[in-house]
Amino acid sequence: MALKDVYNDIAAQYETADRFGALTQSHASAFAQLAQIPRVELLQGRILDLGIGSGRFLHTLFQEFPKASYAGIDISSEMLALAKENIPSLTTIEGGAES
């Protein structure tokens, strides 16, 4: 089974993957790194998430920086659909990072 098919199959249950905190810890680390960037640059910047998954990370950023422009890339069309539910203005691109 191709990786794309795996993620399309698990998309509906993806949020349960965080029951042990792996996604939350990863996001906390990323937010700590973002805190080092001057806030003004993020207010109206462009943010791209490679492997966006359900879009939870960008959704949190969107709440803090609603004027920024957001785009997400994922190999799974189902994951992109979930992300688009979280951020309707999100630009989505189906594909891998190599493309």
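Analysis parameters
Residues numbered from 1 in each chain as written. Predicted model: local features only at pLDDT ≥ 70, side-chain atom pairs only at ≥ 80, totals over all residues. Heavy atoms only, no water. Helix = DSSP H or I, 4+ residues; strand = E, 2+ residues; numbered from the N terminus. Buried < 20%, exposed > 50% of the residue type's maximum accessible area, 1.4 Å probe, protein only. Contact = heavy atoms within 4.5 Å. Pairing = 2+ DSSP bridges. Axes fitted to C-alpha atoms, helices over the stretch in contact; angles between N-to-C directions. Phe/Tyr/Trp six-rings, centres within 6.5 Å; stacked < 30°, edge-to-face > 60°. Polar contact = N/O pair within 3.5 Å; in protein donor to acceptor, adjacent residues only side chain to side chain. Core = buried A, V, L, I, M, F, W, Y, C linked by side-chain atoms within 4.5 Å. Patch = residues over 30% accessible without salt bridge, like charges linked within 9 Å, V, L, I, M, F, W, Y side chains within 5 Å. Areas by Shrake-Rupley, 256 points an atom, 1.4 Å probe, with all protein chains shown as cover. Salt bridge = Lys/Arg side-chain N within 4 Å of Asp/Glu carboxyl O.

**Student:** I tried to follow the overall build of the protein chain on my own but got confused; where do I start?
**Tutor:** Broken down by element type, the protein chain carries five helices and three strands. Counted from the first residue to the last, the protein chain has its helices and strands arranged as α-α-α-β-α-β-α-β. In the protein chain, which comprises 99 residues, the proportion classed as buried is 33%. Considering only contacts within the protein chain whose residues lie at least 6 apart along the sequence, 49% involve residues at least 24 apart.

**Student:** What is the right way to read the sheet that holds strand 3 (residues 91-94) from this model?
**Tutor:** One key point about sheets: their strands pair by backbone hydrogen bonds, in either a parallel or an antiparallel sense. The strand order 1-2-3 describes an open sheet built from three strands, whose pairing is parallel. Edge strands, defined here as strands with exactly one partner in the open sheet, are strand 1 (46-50) and strand 3. For this sheet, the mean angle separating the axes of adjacent strands, direction not counted, is 15°. Sheet contacts for helix 5 (residues 77-86): strand 2 (69-74) and strand 3; angle to strand 3, the most-contacted strand, approximately 175°.

**Student:** Would you explain the packing of aromatic side chains in this entry?
**Tutor:** We describe a pair of aromatic rings using the distance from one ring centre to the other and the angle between the two ring planes. Evaluated as defined, the whole model comprises one aromatic pair. Arranged with centres 5.7 Å apart and planes meeting at 70°, the rings of Phe62 and Tyr70 form a pair that is edge-to-face. For Phe62, a relative accessible area of 22% corresponds to the partly exposed category.

**Student:** Where do I start with the environment of Gln44 in this structure?
**Tutor:** Mapped onto the elements, Gln44 comes out in the loop between helix 3 (39-43) and strand 1. Measuring from C-alpha to C-alpha, the distance between Gln44 and Ala68 comes to 4.4 Å, with 24 residues separating the pair along the chain. What Gln44 contacts, discounting residues up to four positions off in sequence, is Lys67 and Ala68.

**Student:** What is the right way to look at the side chain of Ser76 in this model?
**Tutor:** By secondary structure assignment, the location of Ser76 is in the loop between strand 2 and helix 5. The exposure class of Ser76 is buried, given its relative accessible area of 0%. Reaching out from Ser76, the side chain makes a polar contact with the backbone nitrogen of Met79 at a distance of 3.0 Å. For Ser76, the contacting residues outside a window of four places in its chain are Lys4, Tyr7 and Asn8.

**Student:** Help me out: how do you make sense of the nonpolar core in this one?
**Tutor:** Ranked by size, the top nonpolar core spans 12 residues in total: Ile47, Ile52, Phe57, Leu58, Leu61, Phe65, Ala68, Tyr70, Leu80, Ala83, Ile87 and Leu90. Contributing elements (two or more residues each) for this core: helix 4 (56-64) and helix 5. The dominant element in this core, judged by the number of residues it contributes, is helix 4, at three residues. Excluding its chain neighbours within four sequence positions, the residues that come into contact with Leu61 are Phe31, Leu34, Ile47 and Tyr70.

**Student:** I tried to follow a nonpolar patch on the surface on my own but got confused; where do I start?
**Tutor:** Taken together, the side chains of Met1, Leu3, Val6 and Ile10 make up a nonpolar region of the molecular surface, amounting to roughly 400 Å² of accessible area. Locating Met1 in the fold gives a position in the segment before helix 1 (3-10). A relative accessible area of 76% means that Met1 is categorised as exposed.

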